[in-house]
2 protein chains.
Amino acid sequence: MSTGTLVPVFAALGDDTRWSILAALGEGDASASALAGRLPVTRQAIAKHLAVLQEVGLVEPIRVGREVRYRVIGSQLAQTARRLEAIGAEWDRRLAAIRQIAEEL
Amino acid sequence: MSTGTLVPVFAALGDDTRWSILAALGEGDASASALAGRLPVTRQAIAKHLAVLQEVGLVEPIRVGREVRYRVIGSQLAQTARRLEAIGAEWDRRLAAIRQIAEEL
DNA sequence: GCAATATGCAACTATCGGGTTGCAGGAGTA
DNA sequence: TACTCCTGCAACCCGATAGTTGCATATTGC
């Protein structure tokens, strides 16, 4: 079981501002400028965060006229959750086996 | 739906070395010194990482004589996974509703 | 075409975090 | 007691990154 591309996703999710952005996008698609109107950071900072989120597949850009709206991809979050759960279960399984053997000695 | 204490957990999971440590602990409890023998970083670096992991509840210390072994807590990973999945599902639900309304216009 | 608005790019600052070395302190063992 | 081994703490270095300002570029609407 490899962690593969999982770590960058968590790194992307380990920032409060990015969660603010994701939460805002969770209420509807929006552009960097629109998000800058609601959050206490500049548009450029938000643009950088959106680039990070897009890089790990949590968000996708949609050109609408002269603006670029961003859409959150919920399925990526669900897939990450499934992989996380599988890894945790695997650890539990192995460790339980180890302790079982230890007890029998 | 609040992200609560979720973000620090992701920040903790967003580092390769910490995943190496978690993976090693997934094969059995170990002390910082023991881990330093297997990983290409110093014991002190590992000690810092273990402190971070303990802080977010992914790992717990167990004193055994003069050494401190660490144990990975798989259930914390599972809980994080569930919360993540719930958030993604909530976004999908809301956004689907928004698009439904948009189509009807 | 022109003004307005939105994005893109670049340079810069400052803080955070991962990693190191060095040393002091504590707990087990001969 | 003396020795060994493991942990804990502090200071330091450096690269990454979150954030800013400033300007150039493109696209829509009048």
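Here is a short report on the structure shown in this document. (Residues numbered from 1 in each chain as written. Chains lettered and ligands numbered in written order. Predicted model: local features only at pLDDT ≥ 70, side-chain atom pairs only at ≥ 80, totals over all residues. Heavy atoms only, no water.)

### Details of helix H1 (residues 6-13) of chain B
Burial of H1 of chain B is extensive: 6 of the 8 residues sit out of reach of the surface. On its buried side, H1 of chain B packs onto helix H1 (6-13), helix H2 (16-25) and helix H5 (74-104) of chain A together with helix H2 (16-25), helix H4 (43-55) and helix H5 (74-104) of chain B. (Buried < 20%, exposed > 50% of the residue type's maximum accessible area, 1.4 Å probe, protein only. Helix = DSSP H or I, 4+ residues; strand = E, 2+ residues; numbered from the N terminus. Contact = heavy atoms within 4.5 Å.)

### Section: the packing of H1 of chain A against H1 of chain B
For the pair H1 of chain A and H1 of chain B, the least separation of the axes is 7 Å and the interaxial angle reads 140 degrees. Viewed along their axes, H1 of chain A and H1 of chain B form a crossing whose handedness is left-handed. Packed against H1 of chain A, whose contacting residues are Val-7, Phe-10 and Leu-13 of chain A, the element H1 of chain B presents Val-7, Phe-10 and Leu-13 of chain B at the interface. Split by residue class, the contact of H1 of chain A with H1 of chain B holds 6 nonpolar, no polar and no charged. (Axes fitted to C-alpha atoms, helices over the stretch in contact; angles between N-to-C directions. Left-handed = near helix turned anticlockwise from the far one by under 90°. Nonpolar A, V, L, I, M, F, W, Y, C, P; charged D, E, K, R; others polar.)

### Thoughts on the sheet that holds strand E1 (residues 30-31) of chain A
All names here are of chain A. Strand order in this open sheet of 3 strands is E1-E3-E2, and the pairing throughout is antiparallel. The strands lining the two open edges of the sheet, one partner per strand, are E1 and strand E2 (59-64). The pairing of E1 with strand E3 (residues 67-72) spans 2 bridges and is classified as antiparallel. By the bridge assignment for E3, Ser-31 is matched with Arg-69. The sheet strands contacting H2 are E1, E2 and E3, and the helix crosses E3 at an angle near 95 degrees. (Pairing = 2+ DSSP bridges.)

### Some thoughts on the protein's contact with DNA strand C
As a matter of local geometry, DNA strand C sits amid 20 residues, with Ser-33 and Arg-43 of chain A together with Thr-42, Lys-48 and His-49 of chain B nearest to it. Sugar and phosphate atoms constitute 49% of the interface atoms of DNA strand C, taking the interface as everything within 4 Å of the protein. Note that a phosphate oxygen of DNA strand C is positioned 3.5 Å from one of the side-chain N or O atoms of Ser-31 of chain A. Within the side chain of Lys-48 of chain B, a nitrogen or oxygen atom sits 2.6 Å from a base oxygen of DNA strand C. Counting only elements with at least two residues in the surface near DNA strand C, the list comes to helix H3 (32-38), helix H4 (43-55) and E3 of chain A together with H2 and H4 of chain B. Here the surface near DNA strand C is built from residues that sort into 4 nonpolar, 8 polar and 8 charged. (Near = heavy atom within 4 Å. Polar contact = N/O pair within 3.5 Å; in protein donor to acceptor, adjacent residues only side chain to side chain.)

### A look at the nonpolar core
Core analysis: the largest hydrophobic core is formed by 58 residues, its most contacted members being Leu-13 and Leu-25 of chain A together with Leu-13 and Leu-25 of chain B. Those residues in contact with Leu-25 of chain A, other than ones at most four positions away along the chain, are Ala-30, Leu-35, Leu-50, Val-59, Tyr-70 and Val-72 of chain A together with Leu-95 of chain B. (Core = buried A, V, L, I, M, F, W, Y, C linked by side-chain atoms within 4.5 Å.)

Functional significance is not addressed by these values, which are geometric in nature.
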